[in-house]
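# Chains, contacts and geometry: an overview
The primary structure of each chain is shown beneath.
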Amino acid sequence: MHDVHREIASWLQPLGMMLQIDAAGNLHALYPAAGPAAPRLLIGSHLDTVPNAGAFDGILGVVLVIALLKGLNGRRLPYAIEIVGFCDEEGVRFATPFLGSRALVGRLDDDLLDRQDWQGISVRKAIQDFGSNPERIGDVVLGDDVCAYLEFHIEQGPVLESLALPLGVVDAVAGQSRLEFIFKGRANHAGTTPMNMRFDALAGAAEWITAVERAARSCRGLVATVGTVQAKPGAVNVIAGEARLSLDVRHPGDDIRTRAVEDLIRDAQAIARIRGLTVGWNEHMNQRAVQMDPDLITQIEEAIRKSGCKPHRMASGAGHDAMILAEKIPSGIVFLRTPGGISHDPAESVLVDDVAMAIECGSHLLDQFPVSSAFQKRTRRA
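Residues numbered from 1 in each chain as written. Predicted model: local features only at pLDDT ≥ 70, side-chain atom pairs only at ≥ 80, totals over all residues. Heavy atoms only, no water.

### Let's talk about the pattern of salt bridges
Throughout the structure, instances matching the rule amount to 23 salt bridges. Note that Asp248 is salt-bridged to Arg250, the shortest N-O span being 2.8 Å. The exposure class assigned to Asp248 is buried, which follows from its relative accessible area of 15%. Exposure remark for Arg250: the relative accessible area of 16% places this residue in the buried category. Three or more residues joined by partner-sharing salt bridges are found here, namely Asp110, Asp114, Arg124 and Glu135. (Salt bridge = Lys/Arg side-chain N within 4 Å of Asp/Glu carboxyl O. Buried < 20%, exposed > 50% of the residue type's maximum accessible area, 1.4 Å probe, protein only.)

Here's what the structure looks like:
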């Protein structure tokens, strides 16, 4: 991440912008307004991604806003623009996403700071090792002068491509639950233990995985994923005495998502009981579905239309930093078409013409922003 920050800093220098890293590890760079005491518009995305990922998830939204500012050719606007590049949006290391954006809304609390990775290193210690100060996390919280947040992001799905549309506007981000399940049985010799005398934790976990898939297929709009499985002791000739699994459940409706998680917990208990196993679980995330700001949605639609594209409203099944910032300020997301719908994979890509249209859309948004309700409310308060 230090290397990423240095690279981005080299792109900002020709614009006369200085890069700052906050106490949580987020990147910030300010493009000043035409006058004093002006409100700030945040535009950005996240800088991290998942293992074995592609080149565009998150980072495209940061590169794109730099291109937008270059296109201003030094012109100042009646508001300041702050580039923000979030750290740890994916939650790979600590099984908890949005650590950077949570800091901006005051939700990177002691419980999260004390959460540990697989090596026993806490978030707090990781921030210290990075060179930031976790004791100054409170300084990261957004001030009253910040009036809105915009994010450009690849769709990470096939919808826009199926509609032959380069851009879309997100009206809501699906709620998300993340849990860890632990099935426990009895480790034993793989060659000497008869099949009817086994307490195989991994076999029970495998049965439950198929139940997860079956439940998601039976409910429209529901997606559920077991993305990680660890068996212990993990030897080819030993029956697994323990199996740990992740569960990721998402749906635009929080009631449906919550019921699905409850049903899957009951399924795990029933499978464990029949097989003579025990099962426990820990909830790592329960993020409600979030609506994007209605006025920003309208502004984005108008900007897309001005760019020569038919606007299309859609929900996002993937989580984004905008859903966290929406707790505090009006937020909006512009999606770019993802060829093949492939993301979180090296085959992830974008079309150059789509990026060009997104930049044009962003230019229209910058010009339109002073008439937005977010800007008007902030200037009235000032």
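### Details of the side chain of Arg337
Relative to the helices and strands, Arg337 resides in the loop between strand S16 (331–336) and helix H11 (352–368). Not counting the four nearest positions on each side in its chain, Arg337 is found in contact with Leu160, Glu161, Ala164, Leu165, Pro166, Ser349, Val350, Leu351 and Asp354. (Helix = DSSP H or I, 4+ residues; strand = E, 2+ residues; numbered from the N terminus. Contact = heavy atoms within 4.5 Å.)

### Points about the packing of aromatic side chains
The tally for this structure, following the rule as stated, stands at 7 aromatic pairs. With 5.0 Å between their ring centres and 70° between their planes, Tyr79 and Phe369 make a pair best called edge-to-face. Of this pair, Tyr79 sits in the loop between helix H2 (59–71) and strand S4 (80–86) while Phe369 sits in the loop between H11 and helix H12 (373–381), and the two are 290 residues apart along the sequence. Of the aromatic side chains, those joined through ring pairs into one cluster are Phe181, Phe183, Trp208 and Trp281. (Phe/Tyr/Trp six-rings, centres within 6.5 Å; stacked < 30°, edge-to-face > 60°.)

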